[in-house]
Each structure stands twice: as C-alpha cells, then as structure tokens.
Amino acid sequence: MKLREIYNTDKTVISFEVFPPKENSEKLLEEIKVLKHHNPAFISLTYGAGGNENKSFELLKQIKDTGINVMPHFTCISTTKKNIERNINKLIDLKIENILALRGDIPENKEFQKHDFNYASDLVEFIKHKTNLSIGVAGYPEGHIESPDLDTDINYLKDKVDKGADAIFTQLFFDNNNFYKFIDKTEKAGINIPIIPGIMPIISKKQVEKMVKLANITVPPNVQENISKLKDKDLIEFGIEYATSQCEELIKNGIKGLHFYTLNKSYSTNEILNNIKGVNIWKI
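Residues numbered from 1 in each chain as written. Predicted model: local features only at pLDDT ≥ 70, side-chain atom pairs only at ≥ 80, totals over all residues. Heavy atoms only, no water.

## Here's the deal with the pattern of salt bridges
Moving on, step 1. For the structure on display, the rule yields 10 salt bridges.
Moving on, step 2. Measuring nitrogen to oxygen at the nearest pair gives 3.6 Å for the salt bridge that ties E30 to K33. Of this pair, E30 and K33 are both found in helix α2 (residues 26-36), 3 residues apart, which corresponds to roughly one turn of the helix.
Moving on, step 3. Here E30 falls in the partly exposed class, since its relative accessible area comes to 45%.
Moving on, step 4. Of the charged contacts in the structure, one is a salt bridge between R103 and E146, with a shortest N-O distance of 2.9 Å. Residue R103 is found in the loop between β4 (98-102) and α5 (120-130), and its partner E146 is found in the loop between β5 (134-139) and α6 (150-162); the two are separated by 43 residues along the sequence.
Moving on, step 5. On the basis of relative accessibility, which here comes to 17%, the residue R103 falls in the buried class.
Moving on, step 6. One connected set of salt bridges, linked through shared partners, spans E125, D159 and K163. (Salt bridge = Lys/Arg side-chain N within 4 Å of Asp/Glu carboxyl O. Helix = DSSP H or I, 4+ residues; strand = E, 2+ residues; numbered from the N terminus. Buried < 20%, exposed > 50% of the residue type's maximum accessible area, 1.4 Å probe, protein only.)

What follows is the structure, encoded as structure tokens:
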C-alpha cells in the first residue's frame, strides 16, 4: 500500500524507523516482532547508497518476511543516476511501494565531488519520473541545520512536494509548539500533503547531546533538567512519560500519524504506545 493511500484515513497511522545493525540482524528482528502488535503501516529502514547495499537489501527482505511493509531510505548526494536506478529496480523486484528520498550528509572528505544530485528534490524528481513509487521526504520543524532560517527551509520543502512527494516525516522534536508553528508555515506555503511527526524517546543523556549537536533541536528546560539529574532506567522511564504526553497531545490536535525513531530498541516505543489512551489505530 502506498503512502498516499495509507494516510487517507481518519485513524492514527503508526510507523517505526530502524537501521541496519553492525552485526547480525536477529536481535533487530526480535525487537520488530515486539512492535508488530501495534499494527505499523510500515517500517522505514535507513539506507545510504554508498553503504553496504547487499546488507541493506537482505534486511529489507527479512523485515518484509515478518509481514510488515518496508520503506527504505535512499540518499543521493554521493551517487549517480545509474546507481540509483539500479537500486530502485531492486526495490520494485521486491514489490516495495514506498521510498524515503533524502539528500544525505555531505562526506567530510575534502576531495568529495557532487555527482548527479545536489538536493533531495533532485532525487524526488528522478524517482517520480522513473517509477510509480510513493515518495516520502524529510521535514525539519526547527529548520535544517544548514538552512539560514525556517522560512528558507520550508521553500526547499515546497520544492520537494512540487516535484512529487506524497508525505513528509519530520525530524524529532521535544516541544510540540515548534511542530505546530511548522505546520502553520507549511500550510501558508501551500504544502497540503500529510506531515508526520517524528518521535524519539529519550533513552540517554548522550543520545540527546548527539542529536542537539547534529540538528536544530530545542530541549525545553524541564527536559534538560531531567536529563541532567536522571540516569539509566529512571531517565528511560521519564523519556517514556514525556513522549507519551507529546503523542497524546499531537493526536488530540489531529495529526495523521506517529513515526517513531526506535534506535533499534522496542521497549520505550512499546511502552509509549501501550500508554496512549483512546487511540484509533490504523490497520491494514
């Protein structure tokens, strides 16, 4: 089922993100089985075109074999049209219908040279022209870290939508007000496709510090205070409680779905979804 069909509902659509583990995938597949009873519409799998392609495609097959739809990520900044087309054809052979189109991080290598794609919008346009895949893209409630301001970033997002995106999945955020402001700005910019909030449960101080360093993410004072004073299981439980409140408020405000960044662990996400009251979950 394609993204444009999945989000054509008045129910809350649940989805999860995972990444290829460094070692074998058995542990990840066990975590996915725990989450499966929440009826996810799909699981997204992070993927870099310059990474271990064989490992990624094998994991796509394994996740599909659990009976869950898969949406692979495709990055484009350091690859060619020929390579992208070859890999897209592999997805079609696997009967995968959705793809998340990303620019990807620019390599730190000083000798790096751009290839056929400069922006995610270039990849969206290429996929739209070559296939009938349904395309997801990334959105940044507080603006991409490389963008001069949020309005400029939303202009780039509009370009991705105009070139064929069907749904937007946002970077994680801890303040729902920033998400609501983002929604208001996207509506004024003429963006009218589903925007799905990205939720990442807090599991460690190191995790939050890393995300703040890599992206524009505001940490509210009460969250920062708890991150500073709590450790281990107590911090995990606070993360579950906080994300539960986030999700419940988002649902009350009519969001189309929740996309959880699981970090390949089921515990926190499973507890959050068990905590949420009165949610009419989408089912295949």
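Right, picking up where we left off after that structure.
## Examining the nonpolar core
Within soluble globular proteins, side chains that are nonpolar generally end up buried alongside one another.
Moving on, step 1. One finds L258 and F260 to be the most contacted residues of the largest nonpolar core, which totals 57 residues.
Moving on, step 2. Of the residues forming this core, the biggest block, 5 residues, is contributed by helix α10 (residues 232-252).
Moving on, step 3. Those residues within four positions of F260 in sequence are excluded, and the remaining contacts are I14, S15, F16, E17, I199, C247, T269, I272 and L273.
Moving on, step 4. By size, the runner-up hydrophobic cluster in this structure holds 15 residues, among which are I202, M211, L235 and Y242. (Core = buried A, V, L, I, M, F, W, Y, C linked by side-chain atoms within 4.5 Å. Contact = heavy atoms within 4.5 Å.)

## Here's the deal with the packing of α10 against helix α11 (residues 267-275)
The relative placement of two packed helices is expressed as an angle between their axes plus a distance between the axes.
Moving on, step 1. Running from N to C, α10 and α11 cross one another at 45 degrees; their axes reach a closest spacing of 9 Å. Taken together, the axes of α10 and α11 lie oblique to each other. For the pair α10 and α11, the crossing hand works out as right-handed. Touching I236, E237, I240, A243, T244, C247 and E248 of α10 are Y267, S268, E271, I272 and N275, all from α11. (Axes fitted to C-alpha atoms, helices over the stretch in contact; angles between N-to-C directions. Parallel < 35°, antiparallel > 145°, perpendicular 65-115°, else oblique. Left-handed = near helix turned anticlockwise from the far one by under 90°.)

## Thoughts on unusual backbone geometry
Moving on, step 1. Phi at K95 takes a positive value of approximately 65 degrees, unusual for a residue other than glycine.
Moving on, step 2. Examined against the element boundaries, K95 turns out to sit in the loop between α4 (81-93) and β4.
Moving on, step 3. Unlike most non-glycine residues, D232 shows phi in positive territory, near 50 degrees.
Moving on, step 4. Topologically, D232 is positioned in helix α10.

## Observations concerning helix α7 (residues 176-188)
Moving on, step 1. The first and last C-alpha atoms of α7 sit 19 Å apart over 13 residues, in line with the 18 Å expected at 1.5 Å per residue.
Moving on, step 2. For α7, every residue scored as buried is listed here: N176, N178, F179, F182, I183 and T186. Each buried residue of α7 lies within a common arc of 150 degrees when the element is viewed along its axis, so the set occupies one face. Set apart from the buried face of α7 by more than 90 degrees, the exposed residues are K181 and K188.
Moving on, step 3. In this structure, the buried residues of α7 make contact with β5, α6, β6 (167-172), β7 (195-199) and α10. (Expected span 1.5 Å × (residues − 1). Arc of directions from axis to C-beta.)

## Some words on the environment of T80
Moving on, step 1. Within the secondary structure layout, T80 lies in the loop between β3 (70-75) and α4.
Moving on, step 2. Exposure remark for T80: the relative accessible area of 29% places this residue in the partly exposed category.
Moving on, step 3. From its side chain, T80 meets the backbone nitrogen of N83 in a polar contact 3.1 Å long. (Polar contact = N/O pair within 3.5 Å; in protein donor to acceptor, adjacent residues only side chain to side chain.)

## Brief notes about the pairing of strand β1 (residues 13-18)
Moving on, step 1. Where burial is concerned, most of β1 is hidden: 6 out of the 6 residues are buried.
Moving on, step 2. Here β1 shows no split at all, with V13, S15 and E17 on one side and I14, F16 and V18 on the other all buried.
Moving on, step 3. In this sheet, strand β8 (residues 257-261) lies alongside β1 in parallel orientation, the contact comprising 5 bridges. By the bridge assignment, S15 is partnered in β8 with H259.
Moving on, step 4. Here 4 bridges tie β1 to strand β2 (residues 42-45), and the two strands are oriented parallel to one another. Residue V18 lies in a different strand from β2, and its bridge partner there is L45. (Pairing = 2+ DSSP bridges.)

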